[in-house]
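Residues per chain are reported as follows:
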Amino acid sequence: MPDHLLYGVAYYYEYLPYDRMEQDFQMMEKAGINTIRIAESTWSTWEPKDGVFDFTYLHRVLEAAARHHLSVIIGTPTYAIPSWLAKKCPDILVETHRGPSRYGARQIFDITHPGFLYHCERIIRRLLEEVRDYDCVIGFQIDNETKHYDTCSPRAQALFREWLKERFPTPQELNQEMGFAYWSNSIADYDDLPDVRGTINASFAGEYSAFQRHLVTEYLLWQRKLVDEYRRPDQFVTHNFDFEWRLYSFGFQPDVDQYEAAEAVTIAGCDIYHKSESHLTGAEIAFGGSITRNLKNDNYLVLETEAQGNFGWLPYPGQLRLQAFAHLASGADGVSYWHWHSIHNSAESYWKGLLSHDFSEGAVYQEACVIGNEMKRLSPKLLHLKKENKVAILAGNRSQTAFKWFPTSQMGERPELDYSDYLRWVCDACYELNLEYDILNDTARDFGRYDVLILPVLYAADESLIQAIDSYVKKGGHVIATFRSCFADSYLKIYPDAQPHGLTACFGVTYDRFTKPENVSLASDTVALPEHTNVSQWMELLSPMGAETLCTYDHPEWGGIPAVTRNHYGEGEAVYLGCYFDKEGLKALFRTLFPDFGLTVPSLSFPVILRTGTNQEGHKIRYYLNFSGTEQTVPVETSGGTELFSETPVAEGQTLTLPAWGVNIIEEQ
Amino acid sequence: MPDHLLYGVAYYYEYLPYDRMEQDFQMMEKAGINTIRIAESTWSTWEPKDGVFDFTYLHRVLEAAARHHLSVIIGTPTYAIPSWLAKKCPDILVETHRGPSRYGARQIFDITHPGFLYHCERIIRRLLEEVRDYDCVIGFQIDNETKHYDTCSPRAQALFREWLKERFPTPQELNQEMGFAYWSNSIADYDDLPDVRGTINASFAGEYSAFQRHLVTEYLLWQRKLVDEYRRPDQFVTHNFDFEWRLYSFGFQPDVDQYEAAEAVTIAGCDIYHKSESHLTGAEIAFGGSITRNLKNDNYLVLETEAQGNFGWLPYPGQLRLQAFAHLASGADGVSYWHWHSIHNSAESYWKGLLSHDFSEGAVYQEACVIGNEMKRLSPKLLHLKKENKVAILAGNRSQTAFKWFPTSQMGERPELDYSDYLRWVCDACYELNLEYDILNDTARDFGRYDVLILPVLYAADESLIQAIDSYVKKGGHVIATFRSCFADSYLKIYPDAQPHGLTACFGVTYDRFTKPENVSLASDTVALPEHTNVSQWMELLSPMGAETLCTYDHPEWGGIPAVTRNHYGEGEAVYLGCYFDKEGLKALFRTLFPDFGLTVPSLSFPVILRTGTNQEGHKIRYYLNFSGTEQTVPVETSGGTELFSETPVAEGQTLTLPAWGVNIIEEQ
Amino acid sequence: MPDHLLYGVAYYYEYLPYDRMEQDFQMMEKAGINTIRIAESTWSTWEPKDGVFDFTYLHRVLEAAARHHLSVIIGTPTYAIPSWLAKKCPDILVETHRGPSRYGARQIFDITHPGFLYHCERIIRRLLEEVRDYDCVIGFQIDNETKHYDTCSPRAQALFREWLKERFPTPQELNQEMGFAYWSNSIADYDDLPDVRGTINASFAGEYSAFQRHLVTEYLLWQRKLVDEYRRPDQFVTHNFDFEWRLYSFGFQPDVDQYEAAEAVTIAGCDIYHKSESHLTGAEIAFGGSITRNLKNDNYLVLETEAQGNFGWLPYPGQLRLQAFAHLASGADGVSYWHWHSIHNSAESYWKGLLSHDFSEGAVYQEACVIGNEMKRLSPKLLHLKKENKVAILAGNRSQTAFKWFPTSQMGERPELDYSDYLRWVCDACYELNLEYDILNDTARDFGRYDVLILPVLYAADESLIQAIDSYVKKGGHVIATFRSCFADSYLKIYPDAQPHGLTACFGVTYDRFTKPENVSLASDTVALPEHTNVSQWMELLSPMGAETLCTYDHPEWGGIPAVTRNHYGEGEAVYLGCYFDKEGLKALFRTLFPDFGLTVPSLSFPVILRTGTNQEGHKIRYYLNFSGTEQTVPVETSGGTELFSETPVAEGQTLTLPAWGVNIIEEQ
């Protein structure tokens, strides 16, 4: 854990068109930048030929960093292999569902390949030996946005067979759980298991996805073990976990079980990229932050986020600063840009850094100077912000995989929305209402510390999770589940009894019919829904078994059928949403429900975002973030404190004026 | 031929998550279900290892079926191969235009592979031996929705070379008919014939498609011969022919010459799936039924149709019943659902059966109970309905293939509409006007029994067909041809003389220019067209040579040029449509023409569908089907009879009230 | 150089469904057609088996042509190989980025393959020997629309390695210029150079594209050398260069360096296809003509253009004639249709010729008769039209390649507009304003004879070009550069200093930020912009360093920032456009600027197109072309002359009446 806020950049000395490191580091110091991350792309630089090493550049950077008071995070350089390695072991290049790969891009190798692992270990050990004597090295990033790269090599598939045998000792057990009789896929001998790439069996394919995710965990743990042999006790180990990519960090990461893989790090890290300019909302900062914070239930590092970012994300004046403090408000202990200078060749030249290609002290750099110096000054107040959210949202990779095979669309049609859209639907409704949330993994079982537990499209839920939910409600918890929750077991085998499986008593409702809504809207006597709340994507025809109907469908044929229900169960309550509908409708529903569940919905809402936590001194910190281009005047919700930027006292009943894209921070007395 | 209406389901004992067959069969009996189809997906169940057989499940099902008075149709289990077979003969997996295949899906093998045929024959013979002693087995389905799976194996291509040599003994003849000189493709030796997959020659590729279709016929005939060695005289042989798939059964099947392949069955069968809920029109039931009825010119079986079907097809109350009787009204002797229970794993879990995943007696099952018991009661009245339609529509696989290569779009652009769209345009106009039609193959030559013969985009027509058309009109027939008809010979070689080839006298018209209409509409003095009848996709600039102009184009440059013409020829008349236009315009044209052609256009039209035929007692049966969510009051067009559901008499001048999605059946005295 | 206007067709005797050559040639004579192009698709006809030759058809055609006074252009038959050659040397079939190819289409071989070249040479020599004694043969077309077919064979890649070594003797130099350190791509040994197909490095990939283009030049020069061994001094050598294809001849050809490859011909040729009917504008005729004219700075041949063309291009009455004279007005010495008769088989049956499939004397043929006879009569007046345009537009293949890798869109998103769109934006604005332009290659350095030099998105510019631009302006030239100009060197390495590189003094402006405009429009006090001039695709935030601001952005955040600037520099002026905006806005800007730059903007504008030049007699020729379906009355801008079609005198102050799609030509006294 760092003892001050890290403000950093990724620095690529080896990418420079000419040597200007001294000038770069001077500019960093001026900007208040205190950390650089280096080395993660440099294998071909450190080891230009097989077994020939050259760390000249490394030492030059480390020595200069030390001189310029820059801390250094060392990335192990293994996410991009040198060309000579691909020539030496051609089958290192990953064989995927789409066939073999060609050398060129990063992340195109088979992480189970022994030759890869051999060379990987050698370069990591050599690098760690080189850096061990530098005090400026504060930690290590193992690999970079690691995935399994869809490895389907014979080697990986042989490992998968062993994985299956552990879980299903006989082919007959496998046949039964996977439903292999379908289309004559059943096997009498494990040797008959076919190449997984041809399968049409969602259970089988889904299990392979789970196996592939586990390969990532194993690989990261293996690198961690290597690093542990060299690192000092004060040095941390992190990894930059990232998110489902939709040209920005949109959703839950499908290819890594991050909650499991986080075992490999001492401090969680992440990469968050998001739209900017008029599209900046802060929602991804909150979403990605919630996941990363919950990986270790602690503060985390934003190891990469955009400076000028992708083409079309040129920050408006104020936005870079707003973003930086929004990360801290979510519990980050540091923010690091990708990257320092814009690149002059290759692929990502238009993913621009703090500096443009001309290295001038441009507008974005100038705003970074403001931020860096504010962060330096406020570090003691803002570091290690502790958050105690009362809303938990459950997410799971297996449910996500299920949506790949069984989307909310007709077979053969491309779904409009996917798993992460539904997850974000719930998260963003909370975000916009300033209901701060945690995102827990579906392996969590103890929800006792939360007032509300939300299950968005939690398709795959095993019996122990179902019992945990039931038990949580019985003991006074409040659960809100959406359509398609608890529908199948972990192997995506649909439960053959009343839905939602094992929870019909808890929710007081069941259903056996669902369809695609067309021209359907939501009606309610009890919820103050917006004028027209459109139902789309999915609707279940609910049959209450004791639950109260909160909303019904409005439609010529399905009209009057319950759509949302609420049930008292044990000491708690359980709400079931049988359909997807407009986010404004969901917010209306939350506004109705949450006060009954013991949670105050703040009067402030998006675009003014309110984030809170407790600092190291035990004081409550309130961030007021204005995600709009319009000045906002907001009431201060505290009995008194100090606005930290201006160092001015703030009293109850007072109002704050937030400029466009502005931020205020109040520390309570 | 069954002696009662079959009401059935596909039943997959081997797919069940737990054994509940007794309960299932009891529920079937209660519902009036009298038939199950089994076994077509079961190869890996019956033969779990190469040469090791286990028919325990089969006997268990057959014994229970007999106990529960269920007839059984046995499917030969050959459309999905076991994994061990693919491991044993890897080149069984089909090599297609897209390259080699992987194991997993059904229908991914090369039907010309001797190893496949060897194992196929062995499992079929073993199965037939097992079932021969069961009285409850009423018939066999050979294979399942068989296609050629685009086999392009060296084996298949060698057979194709022989196919060509039979038709073109010398390469020079082949060069000339195919136009191989184009782009230097001509060959001097059959050994130089290239892999068909690279060709840009539509004639060559089109002939390969015809060859592939013929492989299907040969394969089905081969299975039929095997079945004939075992079956009893009272047992039928059928096959579930299906249709061009556009996420539902939309059009003419491009990959099978069904009229030829039907030789392999004693009773035609088909699979019809269609949109539901507010999109249910019944048009596919009529369309698919017309084709299947004309395969053997007799009654047929609907071997598969949807219960709850694809996601988004949850039937409204009444729709399942309406659909079932609509099939019977088209000449079906039975209706069977795919399938009994919804599947808990694999790929088609959201293609739901009569029962949902929870096996409960849900709403859809309950409606099936009504239908089953009505069908049981009315079977003597409704079985073997004989239809004598007066409109014939000609369709052909070669014309269809032509549209793949020469669509109604610019080269390189994706066409908006394809062959089947134009076919359906004509069929659906007839359907909506309650003009019942037959769909004949382009091999038909005797049209004498029809009042009207329609040729929608009959691109490829050989000389004998052209003569048959000419002769039909001369003798008093009425033909309506659209644009792009009789343009090329069977090898898709465009006729090098005046268009439509060989029929300029018959139609009294010719043309040598055509283009894509933009901002063109249809004008007419003689046809009561809707206000604006848009012309799109294709327009020919017609030059009448004696024909009367019915419609002209409305356009700044092409305005006034004839678009639709009508010609007296011999004793008959010939109408030519030079362009595609709105369906409402086509219906207006039909309303003008048909009375002159001796056919009354009923006053009732869609959404009220009227279907007629003669039952076994020689009585006329009139179905009134309401394909709308609104109650309809309609006049009864008969001098008197009995409404069969209510068993109430109906008199002339009386009206019927059809509820939303309702059906009435009148048997005339 | 021909001594009369060529009016021709491509003639395929070998494609005829029956022998009708005599009739065809009689029809040609009647139409005034004086030239046929033959033989370019005939390899399999002349050499049906390896080493077996048969030129019967060739002699038949040449003898008949001579009898019918038809000149003949002989195409070398090498763009489509016979099947036996692909069987003999399977690796002749080109290996591309998408993998190996299959036989069938044209242009699917590796032009570096020695076996290909061997057989190529043999057939060319044999053909040239056969035709050498025919007087009617006036010239040769070497190959046909030659490209590199994306050859990525090991052979081609080995040649590429040598190409790189010449430019970068050491791997370290290559690493540095390419930026290979990025993603660990650097190499220590040339043997480690990976397969170019996997690369993510735009500099490396871009250089491979340049190498591939050079292969085309080498190949054409090689064929030229062969032809030179046989041809008579009076026989020309040409090639039909073509354009970036977007279902018509849209843009700059990305796969050939035409300015370099033109060394292989004695007279430039081109193929121009364009939309027709209501979409006919003539813009492609001017655009393609400008490029082709500038290849040799001389007159050129239109070797292929459409008769009836693609489906949907059926010419309106008058359009075929308008098109023919528009080509002459751009400096063509001949116009030849692809092709004489429509083809009855294979792939291009719907790319129709002068004759439809029925060979009748249809409307299009009849219009050709008018044109042919007019061209015969006016040939002395219209041949060898010399053009002296004052506007030069610079285009370059490397800049074009850059847009493939760095488009004006986010990474991962499909750009709306590409390089050629921006080039056409400038060209079409000039065209519509009747400002005739030349298109020069980016290797041009002497711009002295032009009043205005325009640089549309000239992304890649080496130092010598930058100096030439600077020097041109200093000496009194006027340059207009758009956004993204002079941003990178020839290797697509972005210049690491102030943008536009090396020209900040010249333009008096710089910038380091750019973004995607959303809801941005252009504002100006000095330019009479249309009401709302939308800015889209790309915007740079300009910082004037002495330049005057002509336009600013209108936007809540970027409002007021300069968008277009103008700078006096030396004796000249330099205008910089920081963004893309509506073409009408660009025309308004040109109307403001051009008079100041010494160029009169004609009062006539599109759809009336005015083209001028000087004929052999030294008289000024003025074409008035009406690209609309509406009659146009236009003032005559001359002190007097003769309208050539009508042979009537025209005086100053008089007006001309141009019928719809009509053309007038005035020869000044």
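Just so it is clear, the model here is predicted, and its values are computed rather than measured. (Residues numbered from 1 in each chain as written. Chains lettered and ligands numbered in written order. Predicted model: local features only at pLDDT ≥ 70, side-chain atom pairs only at ≥ 80, totals over all residues. Heavy atoms only, no water.)

## Considerations on the interface of chain A and chain B
Chain A puts 57 residues into the contact, and the matching count from chain B is 57 residues. When chain A packs against chain B, the two sides together hide about 4,600 Å² of surface, and 55% of this comes from carbon and sulfur. Considering only the surface of chain A that becomes buried against chain B, Tyr182(A), Trp183(A) and Met411(A) emerge as the three largest contributors, covering 17% of it. Counting across the chain A and chain B interface gives zero salt bridges. Applying the counting rule to chain A against chain B returns 30 residue pairs in polar contact (both at pLDDT 80 or more). Looking at the side of chain A that touches chain B, the elements that each hand over two or more residues are helix 7 (171–178), helix 8 (202–228), strand 17 (514–515) and strand 19 (534–540) of chain A. Top element by residues in the side of chain A that touches chain B is helix 7 of chain A. It accounts for three residues. Its residues placed into classes, the side of chain A that touches chain B shows 25 nonpolar, 18 polar and 14 charged. (Contact = heavy atoms within 4.5 Å. Buried area = accessible area lost by both parts, 1.4 Å probe. Salt bridge = Lys/Arg side-chain N within 4 Å of Asp/Glu carboxyl O. Polar contact = N/O pair within 3.5 Å; in protein donor to acceptor, adjacent residues only side chain to side chain. Helix = DSSP H or I, 4+ residues; strand = E, 2+ residues; numbered from the N terminus. Nonpolar A, V, L, I, M, F, W, Y, C, P; charged D, E, K, R; others polar.)

## With respect to the pairing of strand 2 (residues 35–38) of chain C
All names here are of chain C. Burial of the side chains of strand 2 extends over both faces: Thr 35 and Arg 37 are buried on one face and Ile 36 and Ile 38 on the other. Where strand 1 (residues 6–10) and strand 2 come together, three bridges link them in parallel fashion. When the sheet's bridge partners are listed, Val 9 is paired in strand 2 with Ile 36. As a crossover connection, the stretch from strand 1 through helix 1 (residues 21–31) into strand 2 is right-handed. (Buried < 20%, exposed > 50% of the residue type's maximum accessible area, 1.4 Å probe, protein only. Pairing = 2+ DSSP bridges. Right-handed = clockwise from strand over helix to strand, strands pointing away.)

## Observations concerning the sheet that holds strand 9 (residues 268–272) of chain C
All names here are of chain C. Taken in spatial order, the nine strands of this open sheet run 5-4-3-2-1-11-10-9-6, and their pairing is parallel. Of all the strands in the sheet, the pair left with one neighbour each is strand 5 (236–238) and strand 6 (240–241). Judged from the five bridges that link them, strand 10 (residues 300–306) and strand 11 (residues 332–338) form a sheet pairing that is parallel. Looking across to strand 11, one finds that Glu 306 is bridged to Trp 338. Each of strand 9, strand 10 and strand 11 is contacted by helix 11 (residues 319–329), which is oriented at about 140° to strand 11, the strand it contacts most. Those strands touched by helix 12 (residues 363–382) are strand 1 and strand 11, and its axis lies near 140° from that of strand 1. (Axes fitted to C-alpha atoms, helices over the stretch in contact; angles between N-to-C directions.)

## Quick word on the relation of the copies chain A and chain B
Superposition of chain A onto chain B requires a rotation of 120° combined with a translation of 0.0 Å along the rotation axis, giving an RMSD of 0.0 Å. Expressed as a symmetry operation, the mapping of one chain copy onto the other fits a three-fold axis. Looking at the rotation axis and the C-alpha trace of chain A, the residue lying nearest is Gly99(A), at 7.0 Å. (Least-squares fit on C-alpha atoms with pLDDT ≥ 70 in both.)

## What about the interface of chain C and chain B?
Contacts between the two partners involve 57 residues from chain C and, on the opposite side, 57 residues from chain B. At the boundary of chain C with chain B, total buried surface from both sides reaches about 4,600 Å², with 55% on carbon and sulfur atoms. At the surface where chain C touches chain B, the tally comes to zero salt bridges. Taken together, chain C and chain B are joined by 30 residue pairs in polar contact (both at pLDDT 80 or more). Residue assignment for the side of chain C that touches chain B shows that the elements contributing at least two residues are helix 2 (43–46), helix 4 (83–88) and helix 12 of chain C. Of the residues belonging to the side of chain C that touches chain B, the class tally is 28 nonpolar, 20 polar and nine charged.

## Quick word on the environment of Gly8(A)
All names here are of chain A. Looking at the element boundaries, Gly 8 is found in strand 1 (residues 6–10). Distance in space between the C-alpha atoms of Gly 8 and Gly 32 is 8.9 Å, their sequence separation being 24 residues. In this view, Gly 8 contacts Ile 33, Thr 35, Val 335, Ser 336 and Tyr 337; residues no more than four positions away in its chain are not counted.

## Some points on the pattern of salt bridges
According to the stated counting rule, one finds 141 salt bridges over all chains in the structure shown. Asp228(A) serves as the salt-bridge partner of Arg224(A), at 2.9 Å between the closest nitrogen and oxygen. Of this pair, Arg224(A) and Asp228(A) are both found in helix 8, four residues apart, which corresponds to roughly one turn of the helix. Overall, Arg224(A) belongs to the buried group, its relative accessible area being 15%. Given a relative accessible area of 34%, Asp228(A) falls into the partly exposed group. Note that Glu584(C) and Lys587(C) form a salt bridge whose closest N and O atoms lie 3.1 Å from each other. Here Glu584(C) and its partner Lys587(C) are both found in helix 17 (residues 583–596), three residues apart, which amounts to about one turn of the helix. Glu584(C) gets classed as partly exposed once you look at its relative accessible area, which sits at 43%. Ionic contacts of the salt-bridge type, sharing partners, join the residues Glu47(A), Asp50(A), Lys88(A) and Arg122(A) into one network.

## Digging into the layout of surface pockets
There is about 790 Å³ of room inside the second largest pocket. What lines the second largest pocket is a set of 27 residues, and nearest its centre among them are Ser209(C), Thr401(C), Phe403(C), Lys404(C) and Trp405(C). (1 Å grid on protein atoms, 1.4 Å probe; cavity = no way out; pocket = protein on both sides within 12 Å on 5 of 7 lines; lining within 4 Å. Points joined across faces, edges and corners; volume = space filled by probe spheres on them.)

## Examining the sheet that holds strand 31 (residues 663–668) of chain C
Residues and elements named next belong to chain C. Taken in spatial order, the five strands make up an open sheet running 25-26-31-28-29, and their pairing is antiparallel. Two strands close off the open sheet at either side, each with one partner strand: strand 25 (608–614) and strand 29 (648–651). Here the average twist between neighbouring strands, direction ignored, is 25°. Here strand 28 (residues 640–643) pairs with strand 31 via three bridges, running antiparallel. The residue of strand 31 that forms the bridge with Thr 642 is Glu 667. Strand contacts of helix 11: strand 25, strand 26 (620–626) and strand 31, with the helix running at about 145° to strand 26, the strand carrying the most contacts.

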